[in-house]
Amino acid sequence: MNVRKVVEVVKERDPELIVHLGDIISPFTLQELMKAGKRVIALYGNNDGERLKLREVAEKGGSEIHEPPLILELGKRRILAIHGWGPPTRTRALVRSLALSGDYDVVLYGHTHQWHLEKIGKTTVLNPGSAYGLLFSEPTMAILDLDLLSVEKIKI
């Protein structure tokens, strides 16, 4: 189960928090992710059917789950996190427009399950891909350094 590999990476790398951009699918997956010992901020995705149980698990574990979009102020950075809508082309067009607004240092998105890293104007755009990895690409996750605005792609 790749979520256990994600937990291993998180324990090894010790990031401040985990941001999940939707399609957790199961409360059991969220429970596994929280075993990393970090606060999880998650978004609902279009494949998340058990929303009430996901919220219950998140809150019980000291984490959060939100309807997208979510604006985060972390350190000196303003971050917009979304899941996405419709076909990948629509999601990417929306993300591009949000980045071009210049209102955010970082725009994070999911939905396409495919790795994407791009600088648009002053905004870093990141889709960390999918830990599952079997739908469209290899399993990946990302470590984002908010001080340097640098991103490391990690193959799971």
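An account of the accompanying structure is given in this report. Keep in mind that what you see is a predicted model, and the values were worked out from it rather than measured.

### Some words on the sheet that holds strand S2 (residues 39-43)
Thought 1: With parallel pairing, three strands are arranged side by side in an open sheet as S1-S2-S3. The outermost strands of the open sheet, each flanked by one partner alone, are strand S1 (17-20) and strand S3 (64-66). Put simply, the sheet's adjacent strands are angled 15° from each other on average, direction ignored.

### A closer look at the side chain of Asp23
Thought 1: With respect to the helices, strands and loops of the structure, Asp23 is situated in the loop between S1 and helix H2 (27-34).
Thought 2: The buried charged residue Asp23 lacks any salt bridge, with Arg51 as its nearest oppositely charged partner at 7.4 Å.
Thought 3: Looking at Asp23, its side chain comes within polar contact range of the side chain of His83, at 3.5 Å.
Thought 4: When neighbours within four sequence positions are excluded, Asp23 is seen to be in contact with Leu43, Gly45, Asn46, Asn47, Asp48, His83 and His113.

### Side note on the sheet that holds strand S7 (residues 115-120)
Thought 1: Across the sheet, five strands lie side by side as S4-S5-S6-S8-S7; this open sheet has mixed pairing. Whereas interior strands pair on both sides, the edge strands pair on one side only; in this sheet they are strand S4 (70-74) and S7. Within the sheet, the average angular offset between the axes of one strand and its neighbour, ignoring direction, is 20°.
Thought 2: By the bridge criterion, five bridges tie S4 to strand S5 (residues 77-81) in an arrangement that is antiparallel.

Definitions and cut-offs
- Residues numbered from 1 in each chain as written.
- Predicted model: local features only at pLDDT ≥ 70, side-chain atom pairs only at ≥ 80, totals over all residues.
- Heavy atoms only, no water.
- Pairing = 2+ DSSP bridges.
- Helix = DSSP H or I, 4+ residues; strand = E, 2+ residues; numbered from the N terminus.
- Axes fitted to C-alpha atoms, helices over the stretch in contact; angles between N-to-C directions.
- Buried < 20%, exposed > 50% of the residue type's maximum accessible area, 1.4 Å probe, protein only.
- Lys, Arg positive; Asp, Glu negative; His and termini not counted.
- Salt bridge = Lys/Arg side-chain N within 4 Å of Asp/Glu carboxyl O.
- Polar contact = N/O pair within 3.5 Å; in protein donor to acceptor, adjacent residues only side chain to side chain.
- Contact = heavy atoms within 4.5 Å.

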